[in-house]
Amino acid sequence: MLPFLTMKSIPHILASAPVIEAKKQKLIEQCLKLKEKKIIPSLKVILVGDNPASLIYTRNKKKFCEEIGAECEIIKLPASLSEKDFISEVKKIADNKLVHGCFVQLPLPTQLSHIDVGQLIPAEKDVDGFHAQNLYELMKGASTKSFLPPCTPKGIMTLLKFYEIPISGKNIVIVGRSMIVGKPLMLLLTQRDATVTLCHSKTKNLTEITKKADIVVTAIGRANFFTKEYFSPGQIVIDVGINKDKHDKLCGDVDFENVSPMVAHITPVPGGVGPLTILTLVRNLLQASNKI
Ligand code: GUN
């Protein structure tokens, strides 16, 4: 007789909505518990200039904070702000005892883009997970309950866990070596015993490398760049890109129409990784609110 299989079947499209739905109630309850202790979780978002994508992202972050009962204020600063004024403004906000978490939405205008924002906000309020202390804990492989992990990589780990996608021993290829996604994700996956290959713009024979992976993560920020030549049947594709295509429509780094029929599982854009970044941000805010 065949053994009874209890394995949940993984859907073809790995949407974030069921993940958010499953986690949201717990966040609402955690927020209520904090309020019973007279702690109102408060997030400050520092937004410099009026980059249209940043305006949308920060609005979505504020909306989710408010849906779970936390406070969120978007502090808009002029694009022409000097370095001195920017640093003093961020420090003033971060030093406020009533603020539990804060972050600077990236990208910054050119005159500020060299500033290491991760060091302006103390580690315990650094809900983006960019501070050296948080990065060190990540490097050490500490539990993400004990420090503030970077939002998008941790969101991807949450997605993989929710859909019961095995990681241990798998060959995972990440394309994109950014500080926000590629590098920290490599560390989180390695900690879970995956064999990770980190590819980038200078990688030779990229298609040969991506085709051999069990899981491919794309994080390069180029609309519909990855067509089916990069993939093989049975693979899992996690698309981190949020771009606009030539018709001004939101799309990922992966050409979804072209690639989706070929691979086993794929995240959509929108409705994939993006909302999980926000989920982690709010989790980090509650974690920070509990510590202060
Ligand atoms: N811009 C795009 N993604 C992010 C992010 O995760 N954090 C911040 N601060 N800015 C971003």
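It should be emphasised that the depicted structure is a prediction, and the values quoted were computed from it without experimental measurement.

What counts as what
Every chain's residues receive numbers from 1 upward, in the order its sequence appears when written. Per-residue local features of the predicted model are confined to residues with pLDDT of at least 70, and side-chain atom pairs are confined, for both listing and counting, to 80 or more; whole-chain, interface and lining totals are unaffected and use all residues. Derived side-chain values reflect all non-hydrogen atoms in the structure, with water molecules and hydrogen atoms excluded from consideration. One heavy atom within 4 Å of a molecule or strand is enough for the residue carrying it to be called near that molecule or strand. Polar contacts here mean pairs of N or O atoms no more than 3.5 Å apart (in protein, one a potential hydrogen donor and the other a potential acceptor; neighbouring residues in sequence count only if both atoms are side-chain atoms). Only protein atoms enter the calculation, which uses a 1 Å grid: trapped sets of points that fit a 1.4 Å probe without letting it out are cavities, open sets showing protein on both sides within 12 Å along at least five of seven lines are pockets, and any residue with an atom within 4 Å of a point is a lining residue. Being in a pocket or cavity means that more than half of the molecule's atoms lie within 2 Å of its grid points. An axis is simply a line fitted to the C-alpha atoms; with a helix, the fit covers only the stretch in contact. Between two such axes, the angle follows the N-to-C directions and lies from 0 to 180 degrees. A run of H or I in DSSP counts as a helix once it spans at least four residues, and a run of E counts as a strand once it spans at least two, with each numbered from the N terminus. When describing relative orientation, an angle under 35 degrees is termed roughly parallel and one over 145 degrees roughly antiparallel, while 65 to 115 degrees is termed roughly perpendicular and anything else oblique. What makes two residues a contact is simply this: any of their non-hydrogen atoms within 4.5 Å. Residues are grouped as follows: nonpolar covers Ala, Val, Leu, Ile, Met, Phe, Trp, Tyr, Cys and Pro; charged covers Asp, Glu, Lys and Arg; every other residue, Gly included, is treated as polar. Only strands joined by at least two bridges in the DSSP assignment are considered to pair. Side-chain atoms within 4.5 Å link the members of a nonpolar core, which is a set of buried Ala, Val, Leu, Ile, Met, Phe, Trp, Tyr and Cys residues. Burial classes: relative accessible area under 20% of the type maximum marks a residue as buried, over 50% as exposed, and values in between as partly exposed (1.4 Å probe, protein chains only). Grid points are joined across faces, edges and corners, and a volume is the space filled by probe spheres set on the points. Each residue carries a pLDDT value, the predictor's own confidence for that position, ranging from 0 to 100. Criterion for a salt bridge: a side-chain nitrogen of Lys or Arg within 4 Å of a carboxyl oxygen of Asp or Glu.

Peer 1: I'd like a description of the site of the ligand, backed by residues and values.
Peer 2: Lining the immediate surroundings of the ligand are Phe103, Val104, Gln105, Leu106, Asp128 and Ile180. Take Val104: an N or O atom from its main chain is 2.7 Å from a nitrogen atom of the ligand. Residue Gln105 places a side-chain N or O atom 3.2 Å away from a nitrogen atom belonging to the ligand. Placement of the ligand is best described as lying within the largest pocket.

Peer 1: An account of the packing of helix α1 (residues 17-36) against helix α2 (residues 52-68) is requested, with residue identities and associated values reported.
Peer 2: In contact at an axis separation of 8 Å, α1 and α2 are set at 60 degrees when each is read in the N-to-C sense. Taken together, the axes of α1 and α2 lie oblique to each other. For the pair α1 and α2, contact is made by Ile20, Lys24, Leu27, Ile28 and Cys31 and by Phe64, Glu67 and Ile68, respectively. Looking at the contact of α1 with α2 residue by residue, the classes come out as six nonpolar, no polar and two charged.

Peer 1: A description of the sheet that holds strand β3 (residues 101-104) should follow, citing residues and the corresponding values.
Peer 2: Sheet strands pair by backbone hydrogen bonding; their relative direction is either parallel or antiparallel. Here three strands make up an open sheet; going across it, the order is β2-β1-β3 and the pairing parallel. Taken across any chain shown, the strands that pair with only one partner, and hence form the sheet edges, are β2 (71-77) and β3. Going from strand to strand, the sheet's axes swing by 15 degrees on average, the running direction of each strand aside. With respect to the sheet, α2 is in contact with β1 (42-48), β2 and β3, its orientation differing from that of β2 by roughly 160 degrees.

Peer 1: Now, about the nonpolar core: what can you tell me, with residues and values included?
Peer 2: Of all hydrophobic cores here, the largest spans 47 residues; its most connected members are Leu43, Phe64, Ile68, Ile156, Leu189, Val217 and Ile238. Examining the composition of this core, we find that eight residues originate from one element, helix α9 (residues 273-291), more than from any other. If sequence neighbours within four positions are ignored, Ile68 has contacts with Lys24, Leu27, Ile28, Cys31, Val282 and Leu286.

Peer 1: Give a description of the layout of surface pockets that names residues and reports values.
Peer 2: Counted as a void, the largest pocket has a volume near 1,300 Å³. Lining the largest pocket are 50 residues, with Tyr57, Thr152, Ile242, Gly274 and Thr277 positioned closest to its centre. Where the lining of the largest pocket is concerned, the elements lending two or more residues are α1, α2, β3, α5 (151-162), β8 (243-244) and α9. With 10 residues, α2 is the largest single contributor of residues to the lining of the largest pocket. Residues that form the lining of the largest pocket fall into these classes: 28 nonpolar, 14 polar and eight charged. Space inside the second largest pocket adds up to approximately 680 Å³. Around the second largest pocket sit 20 residues that line it, and Lys26, Thr144, Lys145, Lys154 and Arg283 are the ones nearest its centre.

Peer 1: Can you tell me about the confidence of the model for the protein, naming the residues and giving the values?
Peer 2: Per-chain confidence: the protein averages 96 in pLDDT, with 97% of residues scoring 70 or above. Summarising per-element confidence for the protein, the mean pLDDT is lowest in β8 (95) and highest in strand β4 (residues 171-175) (99).

Peer 1: Report on the pairing of β3, specifying residues and quantitative values.
Peer 2: Judged by which residues are buried, β3 turns out to be covered on both faces: Gly101 and Phe103 on one side and Cys102 and Val104 on the other are all buried. Across four bridges, the pairing between β1 and β3 is parallel. Bridging from a neighbouring strand, Val45 pairs with Phe103 of β3.

Peer 1: Account for the pattern of salt bridges, with residues named and values stated.
Peer 2: For the structure shown, the criterion picks out seven salt bridges. Across the pair Glu66 and Lys62 runs a salt bridge whose closest N-O atoms are separated by 2.9 Å. Taken as a pair, Glu66 and Lys62 lie in helix α2 at a separation of four residues, close to a single helical turn. When its relative accessible area of 26% is taken as the criterion, Lys62 is described as partly exposed. Linking Lys92 and Glu89 is a salt bridge whose minimum nitrogen-to-oxygen distance equals 3.3 Å. In this pair, Lys92 and Glu89 are both assigned in helix α3 (residues 83-95), three residues apart and thus about one turn of the helix distant. The class of Lys92 is exposed, set by a relative accessible area of 56%. Several salt bridges converge on common partners, so that one network encompasses Lys24, Lys63 and Glu67.

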